[in-house]
Amino acid sequence: MHEVSLVESVVALVEDERRKQGFSRVRTIRLKVGMLGHAEPEALRFCFDAVTSGTIADGARLEIETVPGAGWCPRCHQTVPLEERFASCPLCGNVHVRMTAGDELRLAEMEVE
Amino acid sequence: MCTICGCGTSVIAEHANSEQHGGTHGGTAHDHDHAHNHPHPHKHDDHHHEHADGPIDFGKGRAGMYVAGMSQERTISVERDILSKNDAFAATNRTRLQNAGVFALNLVSSPGSGKTSLLVRTITDLKEKWPIAVIEGDQQTSRDADRIRATGAPAVQINTGKGCHLDAHMVGHALDHLSLRSGSLLFVENVGNLVCPAAFDLGEAHKVVVLSVTEGEDKPLKYPDMFAAADLMLLNKADLLPHLDFDVSACLAAAQRVNPRMRSLTVSARTGEGLAAFYSWIEERASATAAPAP
């Protein structure tokens, strides 16, 4: 359950932003989480309130945008959807598809006041 | 608890019976800019008062209106990787290890794959050729570090408490407790867990994933993140193959599918089978970083 550590890292980034930009309260935190990555959105949501309690992010709403997997197929010369990290090209069956999206794990933006 | 590494609950022990200094890490001496330091003495840089030139406009905020006592919400674009703090610690560790001439491997696997036995065997076989040190990660106890020290190699035990993985900040602390000679090999034995340690770069040269033949041959497909992050897979406990239905070629095919760049070696820490190839793999890469001891 490394999602606890990930939410702690989010809180540390929010602290960084507070030092730079100065705000007193965080209303919403928006994350981008790739569907082929190692973080489970439900687990992030599950631990979010407990981990942020007593921090600058206390009471903030968590919004997670999931980013679907995609990859570049060199045989088809185009970006194709990927259901799994190691999936073959859904168009031509080529196993050498280079993943280009779906691995994201970012703090995208926050609503603050 | 420190929000970066949780080191209020983790313990780094240099010697089996030494005083563990977790208290220091959890105490006030170890400040990571916690939420309540207030370095800016009430600056107004979160909103702009245009006193000098323009009009004083209270309708400029997001809400388009002003209510006394209520601040106006705004959206800040951040776009930073959540693991950027860990990655910064990892980059520091990596530079430190390279400058010290130390070649570091991060060993990851499920619990019980034989990582510690593999290390004990490797140290015993290579210690005449290379100075070797070990950082051990476990939730509790210093049993693994004790086993390593019995070989004569120095070992630092990190206890992660409830933590399911090592992170780069913990490893940085552990490095403070090791006096690593130039030309050393450093093995980091991660917490036995085939999921979480994949995400945390520690500053190692390579991740090595250990899979034992008593596990399923489809593990690389079921836990792809770890196998995608590793540069070498050691298929351990090969001495048990005659007693099992484990399909080695199916396992290697699954590993190749998840990570075509990963090398795979079939070994046995018990009999030593296949380990010469592992030692060659280490030497080919370590000689670029760490010169063998004279």
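Figured I'd write up the structure that's included with this text. Sequence order sets the numbering: in each chain, residues are counted from 1 along the sequence as written. Starting at A for chains and at 1 for ligands, labels are handed out in the order in which the entities are written. Where totals are concerned, whole chains, interfaces and linings use all residues; where local detail is concerned, this predicted model gives features only for residues with pLDDT of at least 70, and gives and counts side-chain atom pairs only at 80 or more. Side-chain measures here rest on the full set of heavy atoms in the structure, leaving out hydrogens and waters.

Turning to the overall build of chain A, a few remarks are in order. Check the secondary structure of chain A and you find 2 helices and 6 strands. Sequence-ordered secondary structure for chain A, helices as α and strands as β, is α-β-α-β-β-β-β-β. Expected size for 113 residues packed as a compact globule is a radius of gyration near 13 Å; at 17 Å, chain A overshoots this value by more than 25%. Counting only C-alpha atoms, chain A reaches 50 × 30 × 15 Å along its principal axes. To sort residues, take the accessible area from a 1.4 Å probe on protein chains only and compare it with the maximum for the residue type: under 20% means buried, over 50% means exposed, and anything in between is partly exposed. With 113 residues in all, chain A has 56% of them scored as buried. Numbering of helices and strands starts at the N terminus; helices are DSSP runs of H or I of at least 4 residues and strands are runs of E of at least 2. For a compact globule the rule gives 2.2 Å times the number of residues to the power 0.38, and the radius of gyration it is set against comes from C-alpha atoms.

Take the environment of Phe89 of chain B next. Here Phe89 of chain B is to be found in helix 2 (residues 84–99). Here Phe89 of chain B falls in the partly exposed class, since its relative accessible area comes to 26%.

All names here are of chain B. When you tally the buried positions in helix 5 (residues 168–176), you get 8 out of 9 residues, the bulk of the element. Among all positions in helix 5, only Ala168, His169, Met170, Val171, Gly172, His173, Ala174 and Leu175 are buried. We call two N or O atoms a polar contact when they sit within 3.5 Å, provided that within protein one can donate a hydrogen and the other can accept it, with sequence-adjacent residues counted only if both atoms are side-chain atoms. Where helix 5 begins, the side chain of Asp167 points an oxygen toward the backbone nitrogen of His169, at a separation of 3.0 Å.

We now examine helix 1 (residues 3–21) of chain A. Residue and element names in this part refer to chain A. To estimate how far a helix should reach, multiply one less than its number of residues by 1.5 Å. With 19 residues, helix 1 extends 26 Å between its outermost C-alpha atoms, agreeing within 8% with the 27 Å of an ideal straight helix rising 1.5 Å per residue. Of all 19 residues in helix 1, 15 are buried; the element is thus mostly enclosed. Gly22 occupies a position one or two residues after helix 1 and carries a positive phi of about 70 degrees.

Moving on, we come to the pattern of salt bridges. For this document, the term salt bridge refers to a Lys or Arg side-chain nitrogen within 4 Å of an Asp or Glu carboxyl oxygen. Evaluated as defined, the whole model comprises 28 salt bridges over all chains. In this structure, Lys20 of chain A engages Glu17 of chain A in a salt bridge whose closest nitrogen and oxygen atoms are separated by 3.2 Å. Taken together, the residues span about one helical turn, with Lys20 of chain A and Glu17 of chain A both in helix 1 at a distance of 3 residues. Given the relative accessible area of 54%, Lys20 of chain A is considered exposed. With a shortest N-O distance of 3.2 Å, Glu79 of chain B and Lys32 of chain A are connected by a salt bridge.

A word on the packing of aromatic side chains. All names here are of chain B. When two rings of Phe, Tyr or Trp (its six-membered ring) have centres within 6.5 Å they constitute a pair, described as stacked for plane angles under 30 degrees, edge-to-face for angles over 60, and tilted for the intermediate range. Scanning the model with the defined rule gives 1 aromatic pair over all chains in all. Centre to centre, the rings of Phe278 and Tyr279 are 6.1 Å apart; their planes meet at 40 degrees, and the pair counts as tilted. The burial state of Phe278 is the same as that of Tyr279; both residues are buried.

Another aspect to go through is the interface of chain B and chain A. The contact definition used throughout considers only heavy atoms, calling two residues in contact when any of these lie within 4.5 Å. Chain B puts 37 residues into the contact, and the matching count from chain A is 38 residues. Contact with chain A buries area across many residues of chain B, yet Ile76, Glu79 and Ile82 of chain B alone supply 20% of it, more than any other trio. There are 6 salt bridges connecting chain B and chain A. For Asp16 of chain A, the salt bridge identified is with Lys85 of chain B, shortest N-O distance 3.1 Å. Linking chain B with chain A are 16 residue pairs in polar contact (both at pLDDT 80 or more), by the criterion used here. Elements with a minimum of two residues in the side of chain B that touches chain A: strand 2 (74–81), helix 2, helix 7 (224–229) and helix 8 (248–258) of chain B. Tallied by class, the residues present in the side of chain B that touches chain A amount to 15 nonpolar, 10 polar and 12 charged. The pairing criterion is simple: DSSP has to find at least two bridges between the two strands. Across 6 bridges, strand 6 (residues 105–112) of chain A lies against strand 2 of chain B in antiparallel orientation. Bridging across to strand 2 of chain B, Arg106 of chain A finds its partner in Asp81 of chain B. By convention, the term buried area covers the 1.4 Å-probe accessible surface removed from two parts as they join, with the contributions of both added. Residues are grouped as follows: nonpolar covers Ala, Val, Leu, Ile, Met, Phe, Trp, Tyr, Cys and Pro; charged covers Asp, Glu, Lys and Arg; every other residue, Gly included, is treated as polar.

Here we take up the sheet that holds strand 2 of chain B. A sheet is described by the order of its strands in space; here 4 strands give the open sequence 2(A)-1(A)-6(A)-2(B), paired in mixed fashion. In this open sheet, the two strands that pair with only one neighbour each are strand 2 (61–67) of chain A together with strand 2 of chain B. Across the sheet, the mean angle from the axis of one strand to that of its neighbour is 20 degrees, orientation sign disregarded. Here 7 bridges tie strand 1 (residues 26–34) of chain A to strand 6 of chain A, and the two strands are oriented antiparallel to one another. Among the inter-strand pairings, Arg30 of chain A is bridged to a residue of strand 6 of chain A, identified as Glu109 of chain A. Across the sheet, helix 2 (residues 41–52) of chain A is in contact with strand 1 and strand 2 of chain A; its angle to strand 2 of chain A comes to roughly 170 degrees. To obtain each axis, a line is fitted to C-alpha atoms, and for helices this fit is confined to the stretch in contact; angles are then taken between N-to-C directions over 0 to 180 degrees.

Note that all results are geometric; they support no functional claim without further evidence.
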